[in-house]
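Summary of the model geometry
The chain contents come next:
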Amino acid sequence: GIQVEQSPPDLILQEGANSTLRCNFSDSVNNLQWFHQNPWGQLINLFYIPSGTKQNGRLSATTVATERYSLLYISSSQTTDSGVYFCAVPTYSWSGTYKYIFGTGTRLKVLA
Amino acid sequence: GAGVSQTPSNKVTEKGKYVELRCDPISGHTALYWYRQSLGQGPEFLIYFQGTGAADDSGLPNDRFFAVRPEGSVSTLKIQRTERGDSAVYLCASSSRPRDSNSPLHFGNGTRLTVT
């Protein structure tokens, strides 16, 4: 099955710093989602980004599907950005299966 | 409208007992997923419903786990003869048209299951 790897596994930033998180996947996909899991465990969808670039405030994401990777950029980080960031890609079959496989996550801690 | 709702938020049970976890998806969402997340890990796929039928249950770890979605809306994940290794956060997600573009997953807050 498809493999999804994220890097770095852990990241500590000072408030105000910028960062780039990476997601590599082993097979062709037709969409990709980025999620933020806050310290209370809630998973929030950040981007639905099969290709190209999207921006939402201080966050932006780029997916290069032909090269099988996606990047999540966080600019001017804030303590509320702390948590775990996951990417997820779908696998699908002729029988109707359409399930998302999650990466291993990047654990981000932003220090005040 | 309301998001994905999961109940209970926490469940503590004794080894060997039976538990049911409930998920109420976003109204109109035909696709429903169950995932399990252990400490320090990413969500692990369990089962996917499209409408009332389980389109893919390949992630269920063994026959102690079963899920239903009888009317194509609310789903119940059932675990028989619970074991300590079943302790995890069980997450439910729904989606409107999973194969279509711009149809993101929406997750509930999860049920934290602890088996003592």
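The notes below deal with the structure included here. Counting starts from 1 at the beginning of each chain's written sequence and moves along it residue by residue. Here the convention is simple: chains get letters from A, ligands get numbers from 1, in the order in which they are written. For a predicted model such as this one, the threshold for reporting local features is a pLDDT of at least 70, and the threshold for listing and counting side-chain atom pairs is 80 or more; totals across whole chains, interfaces and linings nevertheless cover every residue. Side-chain descriptors were evaluated using all non-hydrogen atoms of the structure, hydrogens and water having been removed beforehand.

1. Focus on the pairing of strand β8 (residues 75–79) of chain B
Residues and elements named next belong to chain B. In this scheme, a residue with accessible area under 20% of its type's maximum is buried, one over 50% is exposed, and one in between is partly exposed, where area comes from a 1.4 Å probe on protein chains only. Helix and strand definitions here come from DSSP, where helices need a minimum of 4 consecutive H or I residues and strands a minimum of 2 consecutive E residues; each element is numbered from the N-terminal end. Within β8, four of the five residues are buried, which leaves the element mostly enclosed by the surrounding structure. Two strands pair when backbone bridges link them, and strand β3 (residues 19–24) and β8 are joined in this way by five bridges, in the antiparallel orientation. By the bridge assignment for β8, L21 is matched with L77. Following DSSP output, two strands are said to pair if at least two bridges run between them. Bridge analysis of strand β7 (residues 65–68) against β8 gives four bridges, and the strand direction is antiparallel. Within β8, the position partnered with A67 by the bridge is L77. Hairpin connection, β7 to β8: the antiparallel pair is bridged by six residues, and G72 has positive phi, about 75°.

2. Here's the deal with the sheet that holds β3(B)
Residue and element names in this part refer to chain B. Spatially, β1-β3-β8-β7 is the arrangement adopted by the four strands of the open sheet, whose pairing is antiparallel. Of all strands in the sheet, those bounded by a partner on one side alone are β1 (5–7) and β7. For this sheet the average axis-to-axis angle between neighbouring strands, irrespective of direction, equals 15°. In this analysis an axis means a line fitted to C-alpha atoms, helices contributing only their contacting stretch, and an angle means the value between N-to-C directions, from 0 to 180 degrees.

3. A closer look at the nonpolar core
As used here, the term nonpolar core means buried Ala, Val, Leu, Ile, Met, Phe, Trp, Tyr and Cys residues forming a set that is joined through side-chain atoms within 4.5 Å. Grouped together as the largest cluster of nonpolar side chains are 22 residues, with contacts concentrated most on A:L32, A:W34, A:F47 and A:L72. Mapped by element, the contributors of at least two residues to this core are β2 (10–14), β3 (19–25), β5 (43–48), β7 (59–64), β8 (69–74), β9 (83–92) and β11 (106–111) of chain A. Setting aside its immediate chain neighbours within four residues, A:F47 contacts A:L32, A:Q33, A:W34, A:K54, A:Q55, A:N56, A:L59, A:S60, A:A61 and A:L72. The next biggest cluster of nonpolar side chains, apart from the first, holds 20 residues, and it includes B:I47, B:F49, B:I79 and B:V115. Pairs of residues are marked as contacts when any of their non-hydrogen atoms sit within 4.5 Å.

4. Some points on the packing of aromatic side chains
A pair of Phe, Tyr and Trp rings is counted when the ring centres sit within 6.5 Å of each other, with Trp represented by its six-membered ring. The angle between the planes then sorts it: under 30 degrees is stacked, over 60 is edge-to-face, the rest tilted. Inspection of the entire model under this criterion finds ten aromatic pairs over all chains. Judged by centre distance (5.3 Å) and plane angle (80°), the ring pair of A:F102 and B:Y35 falls under edge-to-face. On the criterion of chain membership, the pair formed by A:F102 in strand β10 (residues 98–102) and B:Y35 in strand β4 (residues 31–37) is interchain, its members lying in two chains. Of the two residues, A:F102 and B:Y35, neither departs from the other in class, the shared state being buried. Aromatic pair A:F102 and B:F107: ring centres 5.9 Å apart, planes at 75°, arrangement edge-to-face.

Function cannot be inferred from these measures alone, as they are strictly geometric.
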